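# Chains, contacts and geometry: an overview
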Amino acid sequence: LRPGSHEIEVTSFALDDEAVLPLDLAREWLNEEERDRADRFIFPIHRDRFSRGRAMLRRLLAGHLGIGPDRVVFETSERGKPFLPGEPLHFNLSHSEGRAALAVSCLPSIGIDLECFDRRVDVDGLSRRCFRESELCGLRDLSDEEKRRAFFWIWTAKEARMKATGEGFHLEPQRIEIVCRDGLPRNCLEPAFPAAHVMPVVFPDGGAACTVVALSPFSVSLTEVPGF
């Protein structure tokens with residue numbers, strides 16, 4: 001099964017829930033390099049979140065490819081973005097605290113970013129360093145809670161744009177200009193080339209901001225985590 005030609009499929013899942021994927025099974029699906037990477041984390045919670053997140057990535061992609069999760073093969077581009085060699089399927093994964101979101105599409109150059117609203121960050125400091133003047137103007141008259149939510153929506157749009165082309169922080173956040181309407185990111189004015197299309201993903205529980213970016217028009221479909 002593959003998404004439609006102009007569709008980005010988004011799946012959100014918990015990283016701390018055994019019911020989502022038992023850790024023992026998750027570890028079985030990882031390759032040796034991934035298990036070694038997981039074991040280098042100092043704190044068990046970070047090790048377990050990495051293991052479950054990587055295994056769920058394998059499981060969800062395997063469902064599209066029609067193979068077992070342990071048989072999914074990744075390679076990394078020159079810019080460090082993982083991809084599936086020889087496959088027309090593209091993906092991008094994001095996580096924040098105990099939550100993750102995966103974007104899958106036949107469209108190339110897609111990016112997704114997820115941020116939980118309760119994540120502790122210096123909203124004012126990061127806004128001054130990373131936002132454009134037009135974005136800062138939209139934050140000035142908001143209450144603290146409104147400003148916090150607006151910050152994360154803009155931030156996820158910027159990060160998703162950085163990830164879509166694999167540039168990461170080589171594309172500095174302040175070089176990206178996001179336009180919001182009704183509190184949600186709707187357009188990316190800069191960089192103008194390549195032009196980027198932006199769409200917010202609003203989850204039913206409202207606990208996180210999530211934005212998807214691609215370099216061509218697209219629609220988003222939310223999917224459930226498949227059962228065993």
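The structure this text deals with has already been given above.
Every chain begins its residue count from 1, and numbering advances along the sequence as written. The model is predicted, so local features are restricted to residues of pLDDT at least 70 and side-chain atom pairs to those at 80 or more, both for listing and for counting; the totals for chains, interfaces and linings are taken over all residues. Working from all heavy atoms in the structure, the side-chain values ignore hydrogens and water.

The next point concerns the pattern of salt bridges. Any Lys or Arg side-chain nitrogen found within 4 Å of a carboxyl oxygen on Asp or Glu counts as a salt bridge. Evaluation of the coordinates by the stated rule reveals 14 salt bridges. The residue D205 makes a salt bridge to R99 at a minimum N-O spacing of 3.0 Å. Residue D205 is found in the loop between strand 9 (197-200) and strand 10 (208-214), and its partner R99 is found in strand 5 (residues 99-105); the two are separated by 106 residues along the sequence. Burial here depends on accessible area, computed with a 1.4 Å probe over protein chains only, as a share of the maximum for the residue type. Under 20% is buried, over 50% is exposed, and the range in between is partly exposed. D205 gets classed as exposed once you look at its relative accessible area, which sits at 54%. Between R132 and E177 there is a salt bridge, with the nearest N and O atoms lying 3.6 Å from each other. Helix and strand definitions follow DSSP, with helices as H or I runs of at least four residues and strands as E runs of at least two, each counted in order from the N terminus.

Moving on: the packing of helix 2 (residues 32-39) against helix 3 (residues 44-65). Orientation is described by axes fitted as lines to C-alpha atoms, over the contacting stretch for helices, and by angles from 0 to 180 degrees between their N-to-C directions. Contact geometry of helix 2 with helix 3 gives a least axis separation of 8 Å together with a crossing angle of 155°. Taken together, helix 2 and helix 3 sit at an angle that is classed as roughly antiparallel. Across the interface between the two elements, E34, R37, A38 and D39 of helix 2 pack against R47, F50, S51, R54 and R58 of helix 3. Classifying every residue of the contact of helix 2 with helix 3 by side-chain character gives 2 nonpolar, 1 polar and 6 charged. By definition in this entry, angles of less than 35 degrees are roughly parallel, angles greater than 145 are roughly antiparallel, angles of 65 to 115 are roughly perpendicular, and the rest are oblique. Contacts are residue-level and defined by heavy atoms, with any inter-residue pair within 4.5 Å sufficient. The nonpolar class holds Ala, Val, Leu, Ile, Met, Phe, Trp, Tyr, Cys and Pro. Asp, Glu, Lys and Arg form the charged class, and all remaining residues, Gly among them, are polar.

So, about the packing of helix 4 (residues 123-130) against helix 6 (residues 144-164). Think of two packed helices as two axes; the pair is described by the angle between the axes and how far apart they sit. At a closest axis distance of 11 Å, the pairing of helix 4 and helix 6 adopts a crossing angle of 40°. Looking at the two axes, helix 4 sits oblique to helix 6. The handedness of the crossing between helix 4 and helix 6 comes out as left-handed. For the pair formed by helix 4 and helix 6, the contact residues are V123, D124, L126, S127 and C130 on the first element and K147, R148, F151, W155 and K158 on the second. Of the residues contributing to the contact of helix 4 with helix 6, the split by class is 5 nonpolar, 1 polar and 4 charged. Less than a right angle of anticlockwise turn of the near helix away from the far helix marks a crossing as left-handed, whereas a clockwise turn marks it as right-handed.

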